[in-house]
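# Observations on the three-dimensional arrangement
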Amino acid sequence: MACLKLGSRADVFRKQGQDWYCTTGLPSDITVVVGEPSFHLHKFPLLSKSGLLERLIREKIEKGEDSCDIDLSDIPGGAKAFELAARFCYGVKFELTSSNVVHLRCAAEYLEMTEDIAEGNLIAQTENFLTQTVLKSWNDSIKALHTCDGVIGLAEKLQVVKRCIDSVATKSCTDPDVCGWPVVQYGGPTQSPGGSFLWNGISTGARPRNCSSDWWYDDVSCLSLPLYKKVISAMEYRGINQDIIVGSLNHYAKRRLPGLNRRKSISDVSSCLSATTLTAMPSEEEQKYLLEEIDRLLPFQRGVTSCKLLLGLLRTAIILKASSSCVSNLERRIGFQLDKATLEDLLITNMSESDETLYDVDCIHRILGHFLAMDQETGGASPGLGDDGQLLASPSLMPVTMVAKLIDGYLAEVAPDANLKLPKFKSLAAAIPDYARPIDDGLYRAVDIYLKAHPHLPESEKEELCHVMDCQKLSLEACTHAAQNERLPLRVIVQVLFFEQLQLRSSIAECLMISENLEGGSRQLGLPISGEQHRGVGWPLGARENQALREGMDGMKQRVAKLEKECSTMREEIARLGRSKSIGKSRLFFLGLGGTKPQICSTKDAAPATTTAASDDEKLAVVKADATPRLKLRRPKKNLPIEA
């Protein structure tokens, strides 16, 4: 830290309790009161440097007052600034630093310590030190700007705040790679081959510091919000990158808003807490005001501000009960880039007293609405159809597909909540357009979790919930699971089985086509089908592939047969439940009449296999006559007649 030593006399100031005394051997003839402390001094050193004290002392003498007591409680900088000014008047040694130069400059202005009163007065000394030393250093500019809070009114009038902000903004916008500042910590720019600096040809061991664009975040975060806003505005005026501005706002918010650090590591939280302990912890009202101001400072362009930061600010705004305009503005910002969000950040705790759900589902629904509205405006609506009726792939589908997957995951997370009502769950699931979900496995998982957590739903509501998913979009694994899922309605299971059969048949057809193409390609290339002497090097690999395809097709055929059997059995059960008792009795009677057929089959079995030449009328006549049948049959070996 830069400093300037002023004065040449030894220290003659002594403090007793809260009062200050000047031990020069002469009795004090003036008392200056600055708040609670009192300074017992002498008139001549003060009036020789201060125009204000000269005028006040003259007024006391003209009034004929015996005691000379002057109240300067409103002096900028308080008792500490007046103490330094008094030391300057007496010529006592003291150090002028970047930490006290602003207060002393304002106190000198208040005391009218100008060049008209004395040459080389305190105003000139503080101005020269401020201009020539403080404003040329980054650290000193930050420290001087930090001390402006206590004297902000007079400091702005004297252009001290503006000059400090301009210095900070200019230096923060400077590219360290171009000008070499503040990359080098020691010595000049000359470096040895090993990377250390050289001083008169001798290595000092000091190495350059690699500075990134966020090197100034910590220093600026110590400023109060009004000064910080002025610094950010000055940086934006100078054209600094918006990403760097957002990074600084993120860093500043995390230091001042404890709610943003709930998912940080222990080391990061401890560093944030140690930084906030340097200043008093802001109250809830101050945090609310700070959050709303940061929301105004954040740029509105899509992708500039990270979705994680915006969701953290939204979560904190809900906890602090910020204004509705601030909350809706953050929701709109998040909606514009919802495809960049993560599932963990979407789990916002519900703080509403009227809703008993664990997570704020309504908030996510509003954010999704902003995203879909933006997607419609930017032309990323439903895709086109090809000549074969298939959906045409489009790059604009990528964000909405990612959002659909994200919302399906969110639904699976909130589904176990027992207080989550069916209309709210179904509304959020149905908000995603059909073309955004190429596959409905994620949605099926969420529906299954919801049915498991709400086992007492009536059958009608279960079917209503299952309507949000398309059984044709389920994968083969999901179909297999759904076909055995007892929580699903029976009608849905039948649909799943039907579409699973279609998928299996199409898969078998594709495998057959691939197998035929492989065999056809082998014939065209002239590869031998058999014979060890003609088999090439690649034949075992092709044979194994063909064998694997055949085994896969056999397994699929067995699976299709099994599914067809299960589907037919289920259809028969459904049909049986839908028929009346009368129809059932008539059906049973009909089955009873048909029981005589086995008797005919028994007589047929008693005869030789060659009795097929006998007509049905002859067989019926034999049964009615109740006699031992004697038919004339021919054996295949010999044409011998058999008499009946």
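This is a predicted model, so every value here is computed, not measured.

The rules behind these values
Residues numbered from 1 in each chain as written. Predicted model: local features only at pLDDT ≥ 70, side-chain atom pairs only at ≥ 80, totals over all residues. Heavy atoms only, no water. Helix = DSSP H or I, 4+ residues; strand = E, 2+ residues; numbered from the N terminus. Buried < 20%, exposed > 50% of the residue type's maximum accessible area, 1.4 Å probe, protein only. Lys, Arg positive; Asp, Glu negative; His and termini not counted. Salt bridge = Lys/Arg side-chain N within 4 Å of Asp/Glu carboxyl O. Polar contact = N/O pair within 3.5 Å; in protein donor to acceptor, adjacent residues only side chain to side chain. Contact = heavy atoms within 4.5 Å. Pairing = 2+ DSSP bridges. Core = buried A, V, L, I, M, F, W, Y, C linked by side-chain atoms within 4.5 Å. Axes fitted to C-alpha atoms, helices over the stretch in contact; angles between N-to-C directions. Parallel < 35°, antiparallel > 145°, perpendicular 65-115°, else oblique. Left-handed = near helix turned anticlockwise from the far one by under 90°. Nonpolar A, V, L, I, M, F, W, Y, C, P; charged D, E, K, R; others polar. 1 Å grid on protein atoms, 1.4 Å probe; cavity = no way out; pocket = protein on both sides within 12 Å on 5 of 7 lines; lining within 4 Å. Points joined across faces, edges and corners; volume = space filled by probe spheres on them. Phe/Tyr/Trp six-rings, centres within 6.5 Å; stacked < 30°, edge-to-face > 60°.

## Some words on the side chain of Asp-440
- Looking at where Asp-440 falls in the secondary structure, it is placed in the loop between α20 (422-430) and α21 (441-453).
- Among buried charged residues, Asp-440 stands out as having no salt bridge; its nearest opposite-charge side chain is Arg-437, 4.5 Å away.
- A distance of 2.8 Å separates a polar side-chain atom of Asp-440 from the backbone nitrogen of Asp-470.
- When near neighbours in sequence (up to four residues on either side) are disregarded, Asp-440 contacts Met-469, Asp-470, Lys-473 and Leu-474.

## Points about helix α6 (residues 138-146)
- Buried within α6 are the following residues: Trp-138, Asp-140, Ser-141, Ile-142, Ala-144 and Leu-145.
- On its buried side, α6 packs onto α4 (101-110), α8 (160-173), α10 (217-221) and α11 (225-237).

## Quick look at the pairing of strand β2 (residues 13-16)
- By the bridge criterion, 4 bridges tie β2 to strand β3 (residues 19-22) in an arrangement that is antiparallel. What sits directly across from Arg-14, in β3, is Tyr-21.
- Linking β2 back to β3 in an antiparallel pair, the connection comprises 2 residues, with Gly-17 at a positive phi of about 70°.

## What to know about the nonpolar core
- Ranked by size, the top nonpolar core spans 153 residues in total, and within it Leu-41, Phe-82, Leu-145, Leu-313 and Leu-338 carry the most contacts.
- With sequence-adjacent residues up to four places away left out, Leu-145 is seen in contact with Val-161, Cys-164, Ile-165, Val-168, Leu-223, Leu-227 and Val-231.

## Quick word on the packing of α4 against helix α5 (residues 122-132)
- Where α4 contacts α5, the axes come no closer than 9 Å and their chain directions differ by 150°. Classified by the angle their axes make, α4 and α5 are roughly antiparallel. The two elements α4 and α5 meet at a crossing, and its hand is left-handed. Together, Val-101, Leu-104, Arg-105, Ala-108 and Glu-109 of α4 and Leu-122, Ile-123, Thr-126, Glu-127, Phe-129 and Leu-130 of α5 make up the contact between the two elements.
- Within the contact of α4 with α5, the residues separate by chemical class into 7 nonpolar, 1 polar and 3 charged.

## Some details on empty space enclosed by the protein
- Counted according to the given criterion, the structure contains 1 cavity of 30 Å³ or more.
- Approximately 70 Å³ is the volume found for the largest cavity.
- Residue composition of the lining of the largest cavity, by class: 4 nonpolar, 4 polar and 2 charged.

## Comments concerning the packing of aromatic side chains
- Applying the stated rule across the entire model yields 8 aromatic pairs.
- Taken together, a centroid distance of 5.0 Å and an interplanar angle of 70° make the contact between Phe-39 and Phe-82 edge-to-face. With Phe-39 in strand β5 (residues 38-41) and Phe-82 in helix α3 (residues 78-90), this residue pair connects regions lying 43 residues apart in the sequence. Take Phe-39 and Phe-82: they sit in the same class, and that class is buried.
- A ring pair is formed by Phe-425 and Tyr-450, whose centres lie 4.6 Å apart and whose planes are at 25°; its orientation type is stacked.

## Section: the sheet that holds β2
- Strand order in this open sheet of 5 strands is β2-β3-β5-β4-β6, and the pairing throughout is mixed. Strands with a single pairing partner mark the edges of an open sheet, and in this sheet they are β2 and β6 (69-71). Here the average twist between neighbouring strands, direction ignored, is 20°.
- Against the sheet, α3 contacts β2, β3, β4 (30-33) and β5, and its axis sits at roughly 10° relative to β5.

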